[in-house]
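What follows is the residue order along each chain.
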Amino acid sequence: MADAGDLSGGEEVQEEEVMTPAELINKLEEAWLNEKFSPELLENKSELVECVMEQITHMEENLQRVRKGDVKASVHRMEIDRIRFVLSSYLRSRLQKIERFFPHVLEKEKSRADGDPSFLSPEEFAFAKEYLANTEVYLRNVALKHMPPNLQNIDMLKAVPEPCLDSFVFLRVKERQENILVEPETDEQREYVVDLDEGSQHLMRYRTISPLVASGAVQLI
């Protein structure tokens, strides 16, 4: 598959630190896989998304200058389409989680401390609030207004299931980790610690390694 930098004209993209186009696409693919396989909504990568969209625009502009009939043009077009697919799938995964866990997502966003990274982009936050409002209106018009007064209020946090952080995920270790506390599977077992070697792959409970996903020390696969 063609390198995303083949049509970049040698330019570099700014996203907190200077990255080549190929590194930028790798970051997008990592964010995509993490979001796809994690049971909860992860921190938003709006700056990364904007940079990738700018890179796609730049690649398409350069593609217009390629001679017609050049076999490289079709290869580069396939690469642009691949990047678009990854980007669309990443954003779609996030929207699906917002729709599924919207009250918990909004509560988590509201309770985060000042200075902590936001889990929602401004557009996602607006979507989540509108989704919550529309759901409440729908439930009230369809069901709640027909119920006794003492049953007409509904707690959305209790009505909508939370993400299952105890589900198991596959991961690949990017940076060696020592003394990772693993919770026991049964009451008879004791807690124990494990070391995760760089490059190794594991199947572990998501709750155990969620901080490592957030820090980028491990990659979900």
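These numbers come from a predicted model, not from an experiment. (Residues numbered from 1 in each chain as written. Predicted model: local features only at pLDDT ≥ 70, side-chain atom pairs only at ≥ 80, totals over all residues. Heavy atoms only, no water.)

Peer 1: Explain the environment of glutamate 35 here, please?
Peer 2: Locating glutamate 35 in the fold gives a position in helix α1 (residues 21-37). Taking the C-alpha atoms as reference, glutamate 35 lies 8.5 Å from leucine 220; in sequence the two are 185 residues apart. Dropping the residues within four chain positions of it, glutamate 35 is found in contact with Glu40, Leu41, Leu42, Tyr90, Ser93, Arg94 and Lys97. A polar side-chain atom of glutamate 35 sits 2.8 Å from a polar atom in the side chain of arginine 94. (Helix = DSSP H or I, 4+ residues; strand = E, 2+ residues; numbered from the N terminus. Contact = heavy atoms within 4.5 Å. Polar contact = N/O pair within 3.5 Å; in protein donor to acceptor, adjacent residues only side chain to side chain.)

Peer 1: Explain the packing of aromatic side chains here, please?
Peer 2: What describes a pair of aromatic rings is the distance from one ring centre to the other and the angle between the planes of the rings. Taken as a whole and assessed by the stated rule, the structure comprises three aromatic pairs. With centroids separated by 6.2 Å and ring planes inclined at 80 degrees, the aromatic side chains of tryptophan 32 and phenylalanine 85 adopt a geometry described as edge-to-face. Highlighted residues: tryptophan 32 in helix α1 and phenylalanine 85 in helix α3 (residues 71-111), separated in sequence by 53 residues. Each ring, one from phenylalanine 102 and one from tyrosine 131, has its centre 5.0 Å from the other, and the planes form 65 degrees; the classification is edge-to-face. On the criterion of sequence distance, the pair formed by phenylalanine 102 in helix α3 and tyrosine 131 in helix α4 (residues 122-142) is long-range, its members being 29 residues apart. We classify phenylalanine 102 as buried; its relative accessible area is 5%. (Phe/Tyr/Trp six-rings, centres within 6.5 Å; stacked < 30°, edge-to-face > 60°. Buried < 20%, exposed > 50% of the residue type's maximum accessible area, 1.4 Å probe, protein only.)

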